[in-house]
Amino acid sequence: AQTPPEAAFAIPGSGSLREHARAHGLLAGAAVNIQLLASDQIYARVLAEQYNILVAENAMKWSALRPAADKYAFEQGDALVSFAESHQIKVRGHNFVWHEALPDWFSATVTKDNAKQFLVDHIMAVGGHYKGKIHSWDVVNEAVLPKDGRPDGLRKSPWMELLGPDYIDTAFRTARQADPHALLTYNEYGVEYDNDEDAERRAVTLQLLRRMKSANVPIDAVGIQSHIKAGSPFTIGRGLQDYMASLRQMGLKILVTELDVNEDDLPYDDVAQRDHAIAETYRNYLSIVLAEPSVTAVLTWGVSDSHTWLNSGPTHHKKQPDRPQRALLFDDAYQPKEAFFAIRDSFDNRKSGRL
Ligand code: 9MR
């Protein structure tokens, strides 16, 4: 076997993100591509050195786990869990319920009559398979979409069309039964900015969570995805601060689940200039988010710029189609970028003893 090339890249040990996070009561994490974990030794090494929590970018979605209505494929998810166990890393589960990443057979097979059974069976089977090994499950992902026009602001997702809004409570109650020790999480995007659209999304999300709490639906945490932008015309501040305070007052923990910086709006091409703007975007964001004592984890949506979802399709970089995004903490050669140091500093600047 080939020895992994020596780290001319990430800073291991006491300089790692995980150590700086741990010293301030935080978990530092990233979303993992399972094919890369199996094929790229440097990638695996960076994961082991830098993070104390990981999440599968795709491997625990329905489309990956359910090749057929009567089949479960756990190999990829299991590969992540065993890698994490061997390096004392926690694992998040993502996700039980989402309007995307449903298998091809889904729409022809799942009906109003059997949808509840499919939902419950899936959560019992998958949650049961990973029982005791998961730090937190994203039980429901992205259920809010005010522009769909429902009075409650919820998304007209396939699950909504099949089961009505009860699908959310059913999913959480079943998840608690399947894995009583996982933190049950509601994960949402578009709640970060001080603009009208995000303000409405925050209000609808809080309304949903309050209704769930009053109905005694088991929920422990809320994920703030944090797909943010460099060069945005909007600020991040009061709206997000008040949102996080409301979540804390409801007794919910807060996880930053999918942090990355879309730099499509930056008007200049110079790499150093762009990397600096991206790093400052991370720094400003985390200075707000980490001031909230209920925040317990920060995970980025990927590791290096060569594999960010932001480069995976033409629709994702509309303004700069010929310029791959430099959204993450490591460059293509796993060299830490300015963003790495900005995030590490942000962990250091968190006042300790607040958790
Ligand atoms: O990054 C993920 C990409 O590889 C997948 O093709 C896509 C569809 O399954 O999902 C992406 O991850 C999404 C996450 O699961 C939920 N929040 C938004 C993320 C970016 O689209």
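Residues numbered from 1 in each chain as written. Predicted model: local features only at pLDDT ≥ 70, side-chain atom pairs only at ≥ 80, totals over all residues. Heavy atoms only, no water.

S.K.: I'd like to hear about helix α5 (residues 75–86), residue by residue, with values.
M.R.: Over its 12 residues, α5 extends 16 Å from the first C-alpha to the last, a length consistent with the 16 Å expected when each residue adds 1.5 Å. Along α5, the residues classified as buried are Gly77, Leu80, Val81, Phe83 and Ala84. Seen from one end, α5 has its buried residues packed into an arc of 165 degrees, which puts them on one side. In this structure, the buried residues of α5 make contact with β1 (27–32), α2 (34–39), α3 (41–50), β2 (53–56) and β3 (90–97). Count one or two residues on from α5 and you reach glutamine 88, which has phi positive near 50 degrees. (Helix = DSSP H or I, 4+ residues; strand = E, 2+ residues; numbered from the N terminus. Expected span 1.5 Å × (residues − 1). Buried < 20%, exposed > 50% of the residue type's maximum accessible area, 1.4 Å probe, protein only. Arc of directions from axis to C-beta. Contact = heavy atoms within 4.5 Å.)

S.K.: A description of the site of the ligand should follow, citing residues and the corresponding values.
M.R.: Taken together, 14 residues are adjacent to the ligand, and Glu57, Lys61, His94, Glu142 and Glu258 come closest. The separation between a nitrogen atom of the ligand and a polar side-chain atom of glutamine 225 is 3.2 Å. The separation between an oxygen atom of the ligand and a polar side-chain atom of tryptophan 301 is 2.9 Å. Within the complex, 76% of the 450 Å² of free accessible area of the ligand lies under protein. Classifying every residue of the shell around the ligand gives 4 nonpolar, 5 polar and 5 charged. (Near = heavy atom within 4 Å. Polar contact = N/O pair within 3.5 Å; in protein donor to acceptor, adjacent residues only side chain to side chain. Areas by Shrake-Rupley, 256 points an atom, 1.4 Å probe, with all protein chains shown as cover. Nonpolar A, V, L, I, M, F, W, Y, C, P; charged D, E, K, R; others polar.)

S.K.: Please provide a residue-by-residue account of the packing of helix α7 (residues 115–129) against helix α9 (residues 166–178), values included.
M.R.: At a minimum axis distance of 9 Å, the contact between α7 and α9 shows a crossing angle of 30 degrees. What the angle tells us is that α7 and α9 run roughly parallel. For the element pair α7 and α9, the recorded crossing hand is right-handed. Packed against α7, whose contacting residues are Lys116, Leu119, Val120, Ile123, Met124, Gly127 and Gly128, the element α9 presents Tyr167, Thr170, Ala171, Thr174, Ala175, Gln177 and Ala178 at the interface. Here the contact of α7 with α9 is built from residues that sort into 8 nonpolar, 5 polar and 1 charged. (Axes fitted to C-alpha atoms, helices over the stretch in contact; angles between N-to-C directions. Parallel < 35°, antiparallel > 145°, perpendicular 65-115°, else oblique. Left-handed = near helix turned anticlockwise from the far one by under 90°.)

S.K.: How would you summarise the packing of aromatic side chains if you had to cite specific residues and measurements?
M.R.: Aromatic ring pairs are described here by two measures, namely the spacing of the ring centres and the angle between the planes. Under the definition given, this model contains 12 aromatic pairs. Note on phenylalanine 74 and tyrosine 130: the rings are 5.7 Å apart at their centroids and 85 degrees apart in plane angle, and the pair reads as edge-to-face. With phenylalanine 74 in the loop between α4 (62–65) and α5 and tyrosine 130 in the loop between α7 and β4 (136–141), this pair connects stretches of sequence that are 56 residues apart. Side by side, phenylalanine 74 and tyrosine 130 carry an identical accessibility label, which is buried. A centroid spacing of 6.3 Å and a plane angle of 40 degrees characterise the contact between tryptophan 105 and phenylalanine 106, whose relative ring orientation is tilted. Across the pair, phenylalanine 106 and tryptophan 105 agree in class, each one buried. (Phe/Tyr/Trp six-rings, centres within 6.5 Å; stacked < 30°, edge-to-face > 60°.)

S.K.: Now, about the side chain of glutamate 188: what can you tell me, with residues and values included?
M.R.: Residue placement: glutamate 188 occurs in strand β5 (residues 183–188). The exposure class of glutamate 188 is buried, given its relative accessible area of 0%. Excluding its chain neighbours within four sequence positions, the residues that come into contact with glutamate 188 are Glu142, Ala143, Val144, Arg201, Thr205, Gly223, Ile224 and Gln225.

S.K.: Report on the pattern of salt bridges, specifying residues and quantitative values.
M.R.: One side chain can pair with another of opposite charge once the charged atoms of both are near each other. Evaluation of the coordinates by the stated rule reveals 21 salt bridges. Where lysine 319 meets aspartate 265, a salt bridge forms, and the shortest distance between an N and an O atom there is 2.4 Å. Separated by 54 residues along the polypeptide, lysine 319 in the loop between β9 (295–300) and α13 (338–348) and aspartate 265 in the loop between β8 (253–262) and α12 (271–289) bring together distant segments of the chain. Of the residues examined, lysine 319 reaches a relative accessible area of 52% and is grouped as exposed. We note a salt bridge from arginine 283 to glutamate 280, for which the minimum N-O separation is 3.2 Å. Here arginine 283 and its partner glutamate 280 are both found in helix α12, 3 residues apart, which amounts to about one turn of the helix. Using a relative accessible area of 27% as the deciding quantity, one classes arginine 283 as partly exposed. Judged by relative accessible area, which is 26%, glutamate 280 ranks as partly exposed. Three or more residues joined by partner-sharing salt bridges are found here, namely Glu263, Asp269, Arg274 and Arg323. (Salt bridge = Lys/Arg side-chain N within 4 Å of Asp/Glu carboxyl O.)

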